[in-house]
Amino acid sequence: MQHFASDNYAGICPEALDALIAANVGHAPAYGDDEWTHRVSDRLRELFAADCDVYFAFNGTAANSLALASLCQSYHSVVCHELAHVDTDECGGPEFFSNGSKLLPAQGENGKLTPDALREVIARRSDIHYPKPRVATLTQATEVGTVYRPDEIAAIAELAHAHGLRVHMDGARFANAVASLGASPADITWRAGVDVLCFGGTKMGLPVGEAVVFFDRALSEDFAWRCKQAGQLASKMRFLSAPWLGLLADGAWLRHAAHANAMARRLADGLAAISGAHLLFPVEANGVFAELPPAVLDGLRARGWRFYTFIGAGGARFMCAWDTQPESVDALLADLRALAA
Ligand SMILES: *Cc1c(COP(=O)(O)O)cnc(C)c1O
């Protein structure tokens, strides 16, 4: 049975697994000085058409926390959306690794920060008693399955830079956003003003690992030491980096992401036709958020389905992954229909 609780319930995609196995040959230099890590870093520079600095971390919490810490002093603050993973799901990691930089949550429709919301937080206080805003962070795709358009990112980044803030992007589902927008990776990152991207690998189909991509190389000074101190420097780095080669080769990452998005679309279309169900957010990536009667949610659980209900009362989240089968979506929909009847 496939589940919809999270895209990280899925296994390793075949391209990543093949690349992982192919890297398991003989001895190779440790700590990132191996040919696979060099090749993936070059491949990412090609993908982004930029001379960026690339690092690998074991998970998204570490990638975000360390990237944010590298942009802040302890007396700084980070403006994020109130639903941002960095604020709600990282157990204080960004604050901990930055030695106290405070997260300042702001509101915005459909899980998106807006220039107005950012402006309000920046203008709120400028006195010495308040943590100085230094970073704006965006999640792409957002925690509620929507995506920022290139012009939305550019508007936020322009405002941020005008006030001396850096722009960080939590791209745990960056692939889904790129597939959804049909934009180039460069257009929704550095060309729109993003300084640092945490490019999610795990949810995209890797066994483990995320890439931290610094478009402004001056910001990555000493980042290697920060990773090491935080316990995020893989000694057999080739096994963290090589799977990326498989995914990035011939667009596999985008095909998988587009597939996951299409499965979410299929689920959303089916849900919309069920009485008593309604979608809570536009479905633009690989997640579907729906309000469902409590009896239906209980019934789904009783039938063995796993999903999260962290968005408000009656809200359920269904995530699709690279391997979600149309039959699984249809089976979930059939149970939903039966329970709603
Ligand atoms: C999954 C996710 C992360 C990374 O979480 P880890 O469990 O630490 O790998 C970061 N941001 C968002 C929005 C996520 O969904």
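This is a predicted model, so every value here is computed, not measured.

Caption draft 1: How the structure looks around the packing of aromatic side chains. Under the defined criterion, the tally for this structure stands at 15 aromatic pairs. Judged by centre distance (5.9 Å) and plane angle (55°), the rings of F4 and W305 are tilted. Residue F4 is located in the segment before α1 (14-22), and its partner W305 is located in the loop between α12 (294-302) and β10 (315-319); the two are separated by 301 residues in the primary sequence. Relative to F214, the ring of Y55 has its centre 5.9 Å away and its plane inclined at 90°; by these criteria the two rings are edge-to-face. With Y55 in strand β1 (residues 53-57) and F214 in strand β7 (residues 210-214), the pair connects residues that are 159 residues apart, well separated along the chain. Feature note: the residues F48, F56, F174, F199, F215, W244 and W253 constitute an aromatic cluster, connected by ring pairs. Its guanidinium or amino end placed over the ring of Y148, K112 lies 5.8 Å from that ring's centre, counting from NZ or CZ.

Caption draft 2: Region of interest: the domain arrangement of the protein. We note that the domain assignment places domain 1 (13-251) and domain 2 (252-340) within the protein. For domain 1 versus domain 2, the distance between C-alpha centres works out to 27 Å. With 28 residues of domain 1 at the contact, the number on the domain 2 side is 20 residues. Both faces combined, the contact of domain 1 with domain 2 buries some 2000 Å², and carbon together with sulfur accounts for 59% of it. It is V144, N176 and G251 that lose the most area in domain 1 upon contact with domain 2, and together they represent 23% of the buried surface on that side. Where domain 1 meets domain 2, there are two salt bridges. Residues R255 and D250 are paired through a salt bridge, measuring 3.1 Å at the closest nitrogen-oxygen approach. Counting across the interface, domain 1 meets domain 2 through 15 residue pairs in polar contact (both at pLDDT 80 or more). Residue assignment for the side of domain 1 that touches domain 2 shows that the elements contributing at least two residues are α1, α8 (174-181) and α10 (238-248). If you tally residues by element for the side of domain 1 that touches domain 2, the top one is α8, at five residues. Classifying every residue of the side of domain 1 that touches domain 2 gives 15 nonpolar, eight polar and five charged.

Thresholds applied
Residues numbered from 1 in each chain as written. Predicted model: local features only at pLDDT ≥ 70, side-chain atom pairs only at ≥ 80, totals over all residues. Heavy atoms only, no water. Phe/Tyr/Trp six-rings, centres within 6.5 Å; stacked < 30°, edge-to-face > 60°. Helix = DSSP H or I, 4+ residues; strand = E, 2+ residues; numbered from the N terminus. Lys NZ or Arg CZ within 6 Å of the ring centre and 35° of its normal. Domains from an automatic or database assignment. Contact = heavy atoms within 4.5 Å. Buried area = accessible area lost by both parts, 1.4 Å probe. Salt bridge = Lys/Arg side-chain N within 4 Å of Asp/Glu carboxyl O. Polar contact = N/O pair within 3.5 Å; in protein donor to acceptor, adjacent residues only side chain to side chain. Nonpolar A, V, L, I, M, F, W, Y, C, P; charged D, E, K, R; others polar.

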